[in-house]
Amino acid sequence: MTKRGVIHSPQALDDPPGGSLGEWLRFLGAMPQESDWIPVWPPDAFAIAAAILRRTGAYVNLVNGTSKTSPKTRSRPSRASHEPDASAVGREWRKTLASVLEQGETKRLRDACPEAIRGWWAEMLRCRTSPLAECAKDPHLLAAAVNLCVAGDAACDDIGVDVRDPFLVMAELVLDHNERRSLCLRVPVEKLAVLPKRHTPQRGCTIRSLSHNLALFTPTEIRAMWESPYKAASGDLDLFNLLLLPWPVAVEPGDFCVSGHRAEHDVNIGLSGDQRYFDYRPRQSESPAKLAARVAHAIDVATREVDRIHGVALPELSLTFEQFLAVEKVVVKRHAILISGVRGEGSRETNGLPYNACVIQPLGLTDLAKAPGRIRDVARRIQLKHHRWCLDRDQILQYELGGRLPAAPDCWERIYIGPRAIRFVTFTTWLTTCVLICEDLARQDPVTEVIRSVGPHLVFALLMDGPQLRNRWPSRYASVLAEDPGCSVLSMTSLGMAQRSRPRQQSGDTSDKRSTIALWRDAIYGEREIALEPGHNACVLSLVKKTATEFTIGAGTGSHVAAFPVYAGARSISCARQPRKRTRQWPRYNARRKR
Amino acid sequence: MKKPLFDTGDAESNELSRLLTQERVDSAGFKVPKISPKNDPDLATFHDLIRATKRAKTRKKGISKGQLRKLAGVKR
């Protein structure tokens, strides 16, 4: 970043004392020691103000109806009568910023900053020497922070999903500058991160309840990244048909084995000698070309049932990376996105440990579905699993693996745990997604804080698990995300694992539910078990957009129409038949080939 | 250069995003400000970012300008 921003110092104020609000503001990248410094970029204003509200906890006064901290009803009589609406100020700020960025030469950027923003910032600076702990007691300071927060948020409508004006393009530029990890220009990404947001929680009272468009979180070991929006070839979609391929359809006990690497070697690579470890290594693995042909055939069969397939999803560990590359090629050519669990052998890069990852290929919905492989390479996104799966005695019995894995001590998945990341990918305006791999759905840390802050429309949970029934663990964790922040969740497993499972049936329920390969959960209509019919091996899940108004806490902080992908039907299909090989019938051509 | 399998956001991983932003910046109609950076360091910062993006010679091998424009959703 250029250093030009810090040389602008016409009037320096005294350095704020230690432990004061001023010192804290300076830590966040603001310049409270300079009288004319103002946050000129809305995400910065939001980050600083929201961080103060979170740090002091004062935002809770918005739900208490404490009028002194309510943004529109401040008690100071001299100003209250003409206090502007923070949302309106934010929208005006956005309009002026877009205009200045487009014309550039006529106006200083700080001149685009509305008078109200300057006033609220000045109100905060007034308390710069106050101890941070005292700030929660100052109603005017807190009202100013709420207003800055609301205005910054309102200025960022459609940020991260559209690029229709210079402000939104500039936001993309800033995101790139921060390696797609934050929208802030002045607040360093290592201290605070702000990303686009898709849902505002409608339950509970947290700092996330205060904004519609921007998500604040403290960066931890997990790198949360917002992908650049891709332009869909067919514009905004009304319907999203997802082909679920719960493959492999058979999992054998021999596909699991106790790791041969133990004792001394395990210690060297970070595995404890007291534990047992297992590898999942299917004995029968189809060639990439054959598998790709089967997927192509599945898409063709599915297309007879629905107008078009927009996406293909496969569960955890279903493909090798080589198989993924072959499948990706046919899926992208058929104009669909691909999300799949991928397994791989150990390498020097993974310290000799196998890896368990998900790979996302978003290119299929764009105009570049028939582009060469190079662009597929750069568009492909890989995310490693964050936690190892621990097979305990109950699970070993449940999956009938007792003859392969020791049921007495816990048996851990032997995989590489690499740098942790989560990627938010937008396929259309109402479908920003992220992927969790099995155990990562159940383990709340460290990913859940980020997911709750951003509130993606849809969370894919790729599992290697038993049938996806309402009474099992994925349902419980999905309901947590559906309630706060309002995500839809699709958990899917392979038919092979679902069939291996012998879950404890509810009393009186004798039906065989081992073909329930997926569970859909959304915040509006609740849960749906998705089962295959006997002999079937794939399923088309249809999703549509439903809109609902979301509100922030406190009066006057605005409402927002949010999109929810909801269940619109599922159809079980069979695509087991191999496509027939085409042979050319021309005699001269065949004769030449033989020669 | 082969893309590392597990990179999680370094420059190589976000290459496509940068290329798309470059196309969007090109078509957004940004102009270099006439006022001096001393008078408006914030605007200068923005334009530094714009200029840096325009200057960036990223690895475009295999990806044409037209393809990037389509993907970025911008017109010539």
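So, how was this worked out
- Residue indices begin from 1 for each chain and proceed along its sequence in written order.
- Chains and ligands are labelled by the order in which they are written, letters from A for the one and numbers from 1 for the other.
- Thresholds applied to this predicted model are a pLDDT of at least 70 for local features of residues and 80 or more for the giving and counting of side-chain atom pairs; totals over whole chains, interfaces and linings are not thresholded and use all residues.
- To obtain the side-chain values, all non-hydrogen atoms of the structure were included, while hydrogens and water were left out.
- Starting at the N terminus, helices and strands are each numbered in turn, a helix being any DSSP run of H or I of at least four residues and a strand any DSSP run of E of at least two.
- Residues are treated as being in contact if the distance between any of their heavy atoms lies within 4.5 Å.
- Method for areas: the Shrake-Rupley scheme with a 1.4 Å probe, in which residue coverage is limited to the protein chains shown.
- Exposure categories follow from relative accessible area, calculated using a 1.4 Å probe and restricted to protein chains: below 20% of the type maximum is buried, above 50% is exposed, and the middle band is partly exposed.
- Each pair of strands is called paired provided DSSP finds at least two bridges between the two strands.
- In this description, a disulfide is simply a cysteine sulfur pair whose atoms lie within 2.5 Å.
- Here, axes are lines fitted to C-alpha atoms. For helices the fit covers the stretch in contact, and angles between N-to-C directions go from 0 to 180 degrees.
- Here the term cavity refers to a set of points on a 1 Å grid, laid over the protein atoms alone, in which a 1.4 Å probe fits but cannot get out; the term pocket refers to an open set having protein on both sides within 12 Å along at least five of seven lines, with lining residues being those that place an atom within 4 Å of a point.
- Grid points are joined across faces, edges and corners, and a volume is the space filled by probe spheres set on the points.
- How sure the predictor is of each residue is captured by pLDDT, a score from 0 to 100.
- Polar contacts here mean pairs of N or O atoms no more than 3.5 Å apart (in protein, one a potential hydrogen donor and the other a potential acceptor; neighbouring residues in sequence count only if both atoms are side-chain atoms).
- Residue ranges for the domains trace back to a domain assignment, done automatically or taken from a database.
- Side-chain atoms within 4.5 Å link the members of a nonpolar core, which is a set of buried Ala, Val, Leu, Ile, Met, Phe, Trp, Tyr and Cys residues.
- We score Asp and Glu as negative and Lys and Arg as positive, and we do not count His or the chain ends.
- Salt bridges are defined by distance alone: a side-chain nitrogen of Lys or Arg within 4 Å of a carboxyl oxygen of Asp or Glu.
- For classification purposes, an angle smaller than 35 degrees is called roughly parallel, one larger than 145 roughly antiparallel, one from 65 to 115 roughly perpendicular, and anything else oblique.
- Each residue receives one of three labels: charged for Asp, Glu, Lys and Arg, nonpolar for Ala, Val, Leu, Ile, Met, Phe, Trp, Tyr, Cys and Pro, and polar for the others, Gly being one of them.

**Examining the overall build of chain A**
- Across its full length, chain A holds 19 helices and 20 strands.
- Long-range contacts, defined here as pairs at least 24 residues apart, represent 74% of the contacts in chain A between residues at least 6 apart.
- Put simply, chain A shows about 23300 Å² of open surface, and 47% of that area lies on carbon and sulfur atoms.

**Focus on the pairing of strand β9 (residues 355-361) of chain A**
All names here are of chain A.
- The element β9 is extensively covered by neighbouring structure, given that seven of its seven residues are classed as buried.
- In the sheet, strand β8 (residues 337-344) pairs with β9 via seven bridges, with the strands oriented antiparallel. Directly across from Val342, in β9, lies its bridge partner Ala357.
- For β9 and strand β10 (residues 381-384), the ladder comprises four bridges, and the chain directions are antiparallel. Within the sheet, the bridge partner assigned to Cys358 lies in β10 and is Gln383.

**Things to note about the state of the cysteines**
Residues and elements named next belong to chain A.
- A complete count under the given rule lists zero disulfides over all chains for this structure.
- Sulfur of Cys135: no disulfide; nearest cysteine sulfur belongs to Cys127 and is 6.0 Å away.
- Cys135 sits in the buried class, given a relative accessible area of 1%.

**Quick notes on the sheet that holds β8 of chain A**
Residue and element names in this part refer to chain A.
- If you trace the seven strands from one edge of the open sheet to the other, you get β10-β9-β8-β7-β4-β19-β20, paired in mixed fashion. With partners counted over all chains shown, the strands left at the sheet margins are β10 and β20 (559-573), one partner each. Neighbouring strand axes in the sheet, compared pairwise and without regard to direction, differ in orientation by 20° on average.
- Sheet strands touched by helix α11 (residues 288-305): β4 (239-244), β7 (311-320), β19 (538-551) and β20. Its angle to β20, the strand with the most contacts, is close to 105°.

**Considerations on empty space enclosed by the protein**
Residues and elements named next belong to chain A.
- Under the definition given, this model contains three cavities of 30 Å³ or more.
- In this structure, the largest cavity occupies an estimated 60 Å³ of space.
- Of all the secondary-structure elements, those providing two or more residues to the lining of the largest cavity are α15 (439-442), α16 (448-454) and α17 (473-483).

**As for the confidence of the model for chain A**
Residues and elements named next belong to chain A.
- Looking at chain A as a whole, the pLDDT averages 86, with 86% of positions reaching at least 70.
- Predicted confidence is poor over residues 1-10, with pLDDT under 50, and the contacts of this stretch with residues over four places away or in other chains come to 25 contacts.
- The model gives residues 67-81 a pLDDT under 50, and that stretch makes 35 contacts with residues more than four places away or in other chains.

**Re the side chain of Ser475 of chain A**
Residue and element names in this part refer to chain A.
- Structurally, the position occupied by Ser475 is in helix α17.
- For Ser475, a relative accessible area of 6% puts it in the buried group.
- A polar contact of 2.9 Å, which involves the side chain of Ser475, links it to the backbone oxygen of Arg470.
- Once residues within four sequence positions are removed from consideration, Ser475 is found in contact with Leu469, Arg470, Leu519 and Glu527.

**Looking at the domain arrangement of chain A**
- Considered domain by domain, chain A is made up of domain 1 (11-194) and domain 2 (239-252 + 287-387 + 416-504 + 512-573).
- On a C-alpha basis, the centroid separation for the pair domain 1 of chain A and domain 2 of chain A is 37 Å.

**Topic: the nonpolar core**
Residue and element names in this part refer to chain A.
- One finds Trp121, Met124, Leu244, Ile422 and Leu490 to be the most contacted residues of the largest nonpolar core, which totals 137 residues.
- Both of domain 1 (11-194) and domain 2 (239-252 + 287-387 + 416-504 + 512-573) provide at least three residues apiece to this core.
- Residue contacts for Met124: discarding those within four places in its chain leaves Leu21, Leu25, Ile48, Ile52, Leu141, Ala144, Ala145 and Leu148.
- One finds Leu243, Trp247, Val342 and Leu353 within the second-largest nonpolar core, a separate group that totals 36 residues.

**Re the side chain of Arg343 of chain A**
Residue and element names in this part refer to chain A.
- Among the structural elements, Arg343 can be located in strand β8.
- Of the side chains with opposite charge, Glu345 comes closest to the buried, unpaired Arg343, at an N-O distance of 6.5 Å.
- A polar side-chain atom of Arg343 sits 2.8 Å from the main-chain carbonyl oxygen of Leu317.
- Residues in contact with Arg343, not counting those within four places in the same chain, are Tyr280, Pro282, Ser285, Leu317, Ser318, Leu319, Thr320, Phe321, Gln323 and Tyr355.

**Here's the deal with the pattern of salt bridges**
- Evaluation of the coordinates by the stated rule reveals 34 salt bridges over all chains.
- As a salt-bridge pair, Asp377 of chain A and Arg380 of chain A come within 2.9 Å of each other at their nearest N and O atoms.
- Since its relative accessible area comes to 7%, Arg380 of chain A is described here as buried.
- Put simply, Arg472 of chain A and Asp465 of chain A hold a salt bridge, and the shortest N to O gap is 2.9 Å. Across the pair, exposure class does not vary: Arg472 of chain A and Asp465 of chain A are buried alike.
- Several salt bridges converge on common partners, so that one network encompasses Glu172, Asp176 and Arg180 of chain A together with Arg24 of chain B.

**Some remarks on the packing of helix α5 (residues 86-103) of chain A against helix α6 (residues 115-126) of chain A**
All names here are of chain A.
- The contact between α5 and α6 brings their axes to 9 Å, and the two run at 120°. Classed by the angle they form, the pair α5 and α6 counts as oblique. Seen from α5, the contacting residues are Ala86, Val89 and Trp93; seen from α6, they are Ala116, Ile117 and Trp120.
- Counted by class, the contact of α5 with α6 contains six nonpolar, no polar and no charged residues.

**A few points about the confidence of the model for chain B**
Residue and element names in this part refer to chain B.
- The share of residues in chain B with pLDDT of 70 or more is 51%, and the mean pLDDT across the chain is 68.
- Here helix α2 (residues 41-55) stands out as the element of chain B with the lowest mean pLDDT, 73, in contrast to helix α1 (residues 15-28), whose mean of 80 is the highest.
- Interface confidence for the predicted complex, expressed as ipTM, amounts to 0.80; the pTM equals 0.89.

**What about the sheet that holds strand β11 (residues 390-391) of chain A?**
Residue and element names in this part refer to chain A.
- Strand order in this open sheet of four strands is β5-β6-β12-β11, and the pairing throughout is mixed. The sheet is open, and its two borders are formed by β5 (256-258) and β11, each paired with just one other strand.
- Two strands pair when backbone bridges link them, and β11 and strand β12 (residues 411-413) are joined in this way by two bridges, in the antiparallel orientation. Looking across to β12, one finds that Cys390 is bridged to Trp412.

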